[in-house]
Amino acid sequence: MKQFTSVHDVKDIDKLVADALAAKANPFANKKLGENKTMGIIFLNPSLRTRLSTQKAARNLGMETMVMNFGGEGWNLETEDGVVMNGNNQEHIKEAAAVIGQYCDVIGIRSFPSFEDREKDYQEKILKDFIKYSGRPVVSLESATRHPLQSLADLVTITELKKVERPKVVLTWAPHPRRLPQAVSNSFAEWMNKADVDLVITHPEGYDLSPEFVGNAQVTNNQDEAFEGADFVYAKNWSTYEPYGQILSQDPSWTITEEKMALTNQGKFMHCLPVRRNVIVSDGVLDSDSSAAIQQAGNREWAAHAVIQEILRGL
Amino acid sequence: MKQFTSVHDVKDIDKLVADALAAKANPFANKKLGENKTMGIIFLNPSLRTRLSTQKAARNLGMETMVMNFGGEGWNLETEDGVVMNGNNQEHIKEAAAVIGQYCDVIGIRSFPSFEDREKDYQEKILKDFIKYSGRPVVSLESATRHPLQSLADLVTITELKKVERPKVVLTWAPHPRRLPQAVSNSFAEWMNKADVDLVITHPEGYDLSPEFVGNAQVTNNQDEAFEGADFVYAKNWSTYEPYGQILSQDPSWTITEEKMALTNQGKFMHCLPVRRNVIVSDGVLDSDSSAAIQQAGNREWAAHAVIQEILRGL
Amino acid sequence: MKQFTSVHDVKDIDKLVADALAAKANPFANKKLGENKTMGIIFLNPSLRTRLSTQKAARNLGMETMVMNFGGEGWNLETEDGVVMNGNNQEHIKEAAAVIGQYCDVIGIRSFPSFEDREKDYQEKILKDFIKYSGRPVVSLESATRHPLQSLADLVTITELKKVERPKVVLTWAPHPRRLPQAVSNSFAEWMNKADVDLVITHPEGYDLSPEFVGNAQVTNNQDEAFEGADFVYAKNWSTYEPYGQILSQDPSWTITEEKMALTNQGKFMHCLPVRRNVIVSDGVLDSDSSAAIQQAGNREWAAHAVIQEILRGL
């Protein structure tokens, strides 16, 4: 694997899930693989799970890691081409990426959308420029439109917990006080379209995700109907795709509660975290045995492990 | 040892001091002990000595370390139960702790008091929630009311420097321009109560520490009297316990000077650092051979080493 | 080598360049040298290249590394002697350096000039205090007046790329919107004075560097004349030395363009990065094969490697 930016970079998702589960069972089996190799873990935005799980996975594989926070520790990056750089941005992404590529064998990078321009966000310019100018395999640690390490961890979790061969998986919008990216939702939908599940997406009117991510999922504005017989309920807020980046609703009737979970087939509650308690989901659901959120977070390590391992094998 | 949050977690403080001194003599003797184990070192507040000495100690023991600054690198944590999280806090401590517990075998956490509510600070909610929800052994890197790694390093230093079997140790308040926690002073008093020393606490009127920490110490508002014949003078500012978090005095006559040290039995000056020169203590004292402050700081590594080693043995 | 703060700390620069090139060819040959040794990498100012290349180099040599950002992660440092510390600075550099020296075998430190007082900046008080009070070998990661790891990497790059025994090297001022230190320019001039090159410095009137750094270089205010037959063009902005820290010109005619590079002997363009595109240098030059900027950045790792290796040998 030369890069990991979406499900489309993965030849065989079943094998990747199997690799993650094998790593979970035996974390240090491939500690020689990354010897004398360094992973640069670069954050243009905050992170907890990704920060820790990616470091951990790289070290399980014997790699050195270097974590850097742009902004706080370095400089502001310019991403436009041809610009006269006499403003606040001290370094162009072309140089930053190329320089990081000098020191790192593999690069992980997190960069959220700007919400200034949908087309630009959806072109994934920062991620693509990092790939282009660093000359190294790049792992997305969440980009403007996708969070593939999260989605892989989600699929690992579903694989561990499913009680039927082809579970019903519901991706449901839930309210949130801030304008959030579509990345986690896009990415989850994209992965579930490739997995052996029945995917239903439910959200209030006006919250349709981009068709390229919705794929073959069934879409409904009726959350209760969607929850009927669900094996997994994946909750996430996102702001609107069209018009871009709006908050149309904060309707608390979309919050996931124990009453709603009762509609499911003893379904598992899933969320990528961080989660706003009693906004996205009630304390009752999150603190119950039906919540898989911590298990998902734990599986982030094994998802990263499987991906970095595959990239190391391709070096 | 399953946690290290106060002297009460230690079965045998003499043995822990001996372990620290053995580590100082031979730092890499137990480098196999922590192999394939990871320590998460989490800061909700700034740190220099703790940050570096804890990393160093964990690595002496062969552990991997992951350092994370909340706020700067992650998000603001919600610590109240049952709250509707539609404000500024993005993640609840329940999830944050549980997630960090997924990636780390041992967790160190620093969290200062809020000064908003004495009862809440003294309940050590953040530290206790980390223990409860992470499911991992937790080492306090200074909490709202205690700084036990500092106190252990202090006891190691006293053990190294004492010239009599049972030295006289004076904990003295000293002036400071800001409202400081009682943690270092509480913790030092608590440890000295368990150690083979005569403890005297001196401070201006109104600065009494909580009785649970004062223990059997002799307390006086007469600093000169306290210093008479002292073998060790431990200076520290703290704000008031009752009423909570007030600055009642900045009286420079409480600053530790060479004249005052002359009252002692050629006593050693101690401070946990950082120290405000010529406010807490004169340049003359701090730059003299009677200051043990740098030795104390150095012993932070060996205190952390002994504690982490004990925790690794209990895994 | 006991410290690396300028070219004057180096006994044999040819050997150091050779060591850097040997490390580049065989990065892990001396991985035992730094075993059980720790390098503290301390930033009082932002950094990308230095941050990553120094970590990488230390780890190539088998060292542990601890990176710390003052300000963000620690406290503000007081650097004046004898001051009553009742203001914003929480810790004196005397204690900070001594404490870091307790935990680290080698210390790297970055500290930019304050621009408040030229004499103070040029005395390198912070760097010298770190050396004095830490008691450890100190590597400058850029100080108020010099950036010797950059200059060594520059010399390594010139050594790799030169087509004649004694190349013509031009250090040229270029415009920039902010007041920048003289450190990179001073340091480059100082190293080139010791190297087997013909050094020409060109800048607008009023931008003369301190004579101690200019040395035997030829100086001209005519950039075109300077570029004639140049093998290397090293561009850098700096603010004035006399009067100190002024911006006298932002004249875009000093920007390095393809037309200007055409005056040279197929010269290589060099810059330490970060670089302001189309202010310091045109996109055309920076994106052409004549730019050595990324190679320079890559050589930072090998410069740091050679220096740390030499220091480890002297421990």
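Residues numbered from 1 in each chain as written. Chains lettered and ligands numbered in written order. Predicted model: local features only at pLDDT ≥ 70, side-chain atom pairs only at ≥ 80, totals over all residues. Heavy atoms only, no water.

> Tell me about the nonpolar core, and please be specific about residues and values.
All names here are of chain B. One finds Phe4, Val139, Leu152, Leu171, Trp191, Leu199 and Ile308 to be the most contacted residues of the largest nonpolar core, which totals 56 residues. Here the element with the most residues in this core is helix α12 (residues 293-313); it accounts for eight residues. If you count residues domain by domain, this core takes at least three from each of domain 1 (3-146 + 300-313) and domain 2 (149-297). Leaving out residues up to four positions away in the same chain, Val139 has contacts with Phe4, Met39, Val106, Ile107, Gly108, Ile109, Leu149, Val307 and Ile311. (Core = buried A, V, L, I, M, F, W, Y, C linked by side-chain atoms within 4.5 Å. Buried < 20%, exposed > 50% of the residue type's maximum accessible area, 1.4 Å probe, protein only. Helix = DSSP H or I, 4+ residues; strand = E, 2+ residues; numbered from the N terminus. Domains from an automatic or database assignment. Contact = heavy atoms within 4.5 Å.)

> Go over the interface of chain B and chain A with me, naming the residues and quoting the values.
Between chain B and chain A, the residue contacts involve 29 residues of the former and 31 residues of the latter. Taken over both partners, the interface formed by chain B and chain A buries close to 2800 Å², and the fraction arising from carbon and sulfur atoms is 56%. Linking chain B with chain A are four salt bridges, by the criterion used here. Across the salt bridge formed by A:Arg277 and B:Glu95, the nearest N and O atoms sit 2.7 Å from each other. Our count for the chain B to chain A interface comes out at twelve residue pairs in polar contact (both at pLDDT 80 or more). Among the elements of the structure, β3 (64-69), β5 (91-92) and α3 (93-103) of chain B are those that each provide at least two residues to the side of chain B that touches chain A. The element that contributes the greatest number of residues to the side of chain B that touches chain A is α3(B), accounting for eight residues. Each residue belonging to the side of chain B that touches chain A can be placed in one class, and the counts come to twelve nonpolar, twelve polar and five charged. (Buried area = accessible area lost by both parts, 1.4 Å probe. Salt bridge = Lys/Arg side-chain N within 4 Å of Asp/Glu carboxyl O. Polar contact = N/O pair within 3.5 Å; in protein donor to acceptor, adjacent residues only side chain to side chain. Nonpolar A, V, L, I, M, F, W, Y, C, P; charged D, E, K, R; others polar.)

> So what about the packing of aromatic side chains? Which residues, and what values?
Residue and element names in this part refer to chain A. Scanning all chains against the criterion turns up 24 aromatic pairs over all chains. For the ring pair Phe115 and Tyr244, a centre distance of 5.4 Å and an interplane angle of 45 degrees mean the geometry is tilted. Of this pair, Phe115 sits in the loop between β6 (106-110) and α4 (118-123) while Tyr244 sits in the loop between β11 (232-236) and α10 (258-261), and the two are 129 residues apart along the sequence. Taking relative accessible area as the criterion, Phe115 reaches 13% and is therefore assigned buried. Assessed through its relative accessible area of 14%, Tyr244 is described here as buried. Taken together, a centroid distance of 6.2 Å and an interplanar angle of 80 degrees make the contact between Tyr122 and Tyr244 edge-to-face. Remark: Tyr244 occurs in the loop between β11 and α10 and Tyr122 occurs in helix α4; sequence separation between them is 122 residues. A relative accessible area of 16% means that Tyr122 is categorised as buried. Cluster of aromatic residues (ring-pair linked, three or more members): Phe115, Tyr122, Phe213, Tyr241 and Tyr244. Note that Arg118 overlies the ring of Tyr241, its terminal NZ or CZ placed 3.8 Å from the centroid. (Phe/Tyr/Trp six-rings, centres within 6.5 Å; stacked < 30°, edge-to-face > 60°. Lys NZ or Arg CZ within 6 Å of the ring centre and 35° of its normal.)

> Describe in detail the environment of B:Glu124, supporting the description with residues and values.
All names here are of chain B. Residue position: Glu124 is located in the loop between α4 (118-123) and α5 (125-134). Put simply, Glu124 and Ala230 are 106 residues apart on the chain and 33 Å apart in space, counted from C-alpha to C-alpha. Residues contacting Glu124, with those up to four places away along its chain left out, are Ser143, Ala144, Thr145 and Arg146. Within polar-contact distance, the side chain of Glu124 engages the side chain of Ser143 at 2.7 Å.

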